[in-house]
Amino acid sequence: MLVEMKQLVQEKNICVLATIEGNKPYCSLMAYATNEDCTEIYMATHRSTKKFRNLTDNPAVSLMIDAREEAPRSHARALTVEGSCARIEDGFQKQLVRNRLLSIHPHLKEFLSHGEIELICVRIRSFLLLKGLADAYHAILE
């Protein structure tokens with residue numbers, strides 16, 4: 001089942017990112033890319049956003065990736081990804097992630113060239129895949 005979970009992450013490229021502000025969740029629609037073995041998810045955000053402030057205060061995140069368009073709603077797949085988020089600070093790693101994001105999301109070129117953009121990495125801890133209305137599968141990576 002882990003293979004199917006990772007495959008869903010790699011097939012899609014848009015997710016909902018949930019961060020925490022105090023004790024309240026905050027959701028953002030995000031473009032993303034993954035590393036080759038799907039243990040990390042990369043995104044970009046402006047340094048002045050609420051989500052970035054939330055990530056700075058609390059690195060725990062959850063992402064929702066779904067495939068509702070692929071099947072009738074009663075058979076849709078939805079994947080919750082839990083992990084820990086950190087800024088990418090290494091210059092070489094930043095360039096690799098920027099190139100990876102641009103290869104999947106060329107429309108982000110201008111956005112990614114802005115000086116206030118932060119590249120972030122979610123290190124995946126677990127997956128929870130819901131298939132249909134009742135079948136759930138959990139996998140822990142750590």
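Keep in mind that what you see is a predicted model, and the values were worked out from it rather than measured. (Residues numbered from 1 in each chain as written. Predicted model: local features only at pLDDT ≥ 70, side-chain atom pairs only at ≥ 80, totals over all residues. Heavy atoms only, no water.)

Peer 1: Go over the overall build of the protein with me, naming the residues and quoting the values.
Peer 2: The helix and strand tally for the protein stands at four helices and eight strands. Along its sequence from the N terminus, the protein presents helices and strands in the succession α-β-β-β-β-α-β-β-α-α-β-β. By the compact-globule yardstick of 14 Å for 142 residues, the protein fits well, its C-alpha radius of gyration being 15 Å. Dimensions of the protein along its principal axes, counting C-alpha atoms only, are 45 × 35 × 30 Å. For the protein, with 142 residues in total, the buried portion stands at 40%. Long-range pairs, those at least 24 residues apart, make up 64% of the contacts in the protein between residues at least 6 apart in sequence. Taking the average location of the 18 positive side-chain charges in the protein and that of its 18 negative ones, the two points are 4 Å from each other. (Helix = DSSP H or I, 4+ residues; strand = E, 2+ residues; numbered from the N terminus. Rg over C-alpha atoms; globule rule 2.2 N^0.38 Å. Buried < 20%, exposed > 50% of the residue type's maximum accessible area, 1.4 Å probe, protein only. Contact = heavy atoms within 4.5 Å. Lys, Arg positive; Asp, Glu negative; His and termini not counted. Charge placed at Lys NZ, Arg CZ, Asp CG, Glu CD.)

Peer 1: Tell me what's going on with unusual backbone geometry, and back it up with residues and numbers.
Peer 2: One non-glycine residue, Cys38, lies in positive phi territory at about 55 degrees. Here Cys38 lies in the loop between β3 (33-34) and β4 (40-46). Judged by its relative accessible area of 0%, Cys38 is buried.

Peer 1: Quick one: what's the story with a nonpolar patch on the surface, residue by residue and with numbers?
Peer 2: A surface patch of nonpolar side chains, amounting to about 340 Å² of accessible area, comprises Ile14, Val16, Leu29 and Met64. Relative to the helices and strands, Val16 resides in strand β1 (residues 14-21). (Patch = residues over 30% accessible without salt bridge, like charges linked within 9 Å, V, L, I, M, F, W, Y side chains within 5 Å. Areas by Shrake-Rupley, 256 points an atom, 1.4 Å probe, with all protein chains shown as cover. Salt bridge = Lys/Arg side-chain N within 4 Å of Asp/Glu carboxyl O.)

Peer 1: Outline the pairing of strand β2 (residues 24-31), supporting the account with residue identities and numerical values.
Peer 2: Regular strands place their side chains on alternate faces of the sheet. Bridge count for β1 against β2 is eight bridges, and the pairing is antiparallel. Bridge assignment links Ile14 to a residue of β2, and that residue is Ala31. Following β1, the chain reverses through two residues before pairing antiparallel with β2; Gly22 in that reversal takes a positive phi of roughly 70 degrees. (Pairing = 2+ DSSP bridges.)

Peer 1: Summarise the side chain of Asn54; cite the residues concerned and give the values.
Peer 2: Along the chain, Asn54 turns up in helix α2 (residues 50-57). The contacts of Asn54, once residues within four sequence positions are left out, are Thr19, Ile20, Glu21 and Tyr26.

Peer 1: How would you summarise the side chain of Glu118 if you had to cite specific residues and measurements?
Peer 2: With respect to the element layout, Glu118 can be found in strand β7 (residues 117-131). By relative accessible area, which is 3% here, Glu118 ends up buried. There is a polar contact of 2.6 Å between the side chain of Glu118 and the side chain of Arg47. Looking at Glu118, its side chain comes within polar contact range of the side chain of Arg87, at 2.9 Å. Excluding residues that lie within four positions of it along the chain, Glu118 makes contacts with Met43, Ala44, Thr45, Arg47, Phe52 and Arg87. (Polar contact = N/O pair within 3.5 Å; in protein donor to acceptor, adjacent residues only side chain to side chain.)

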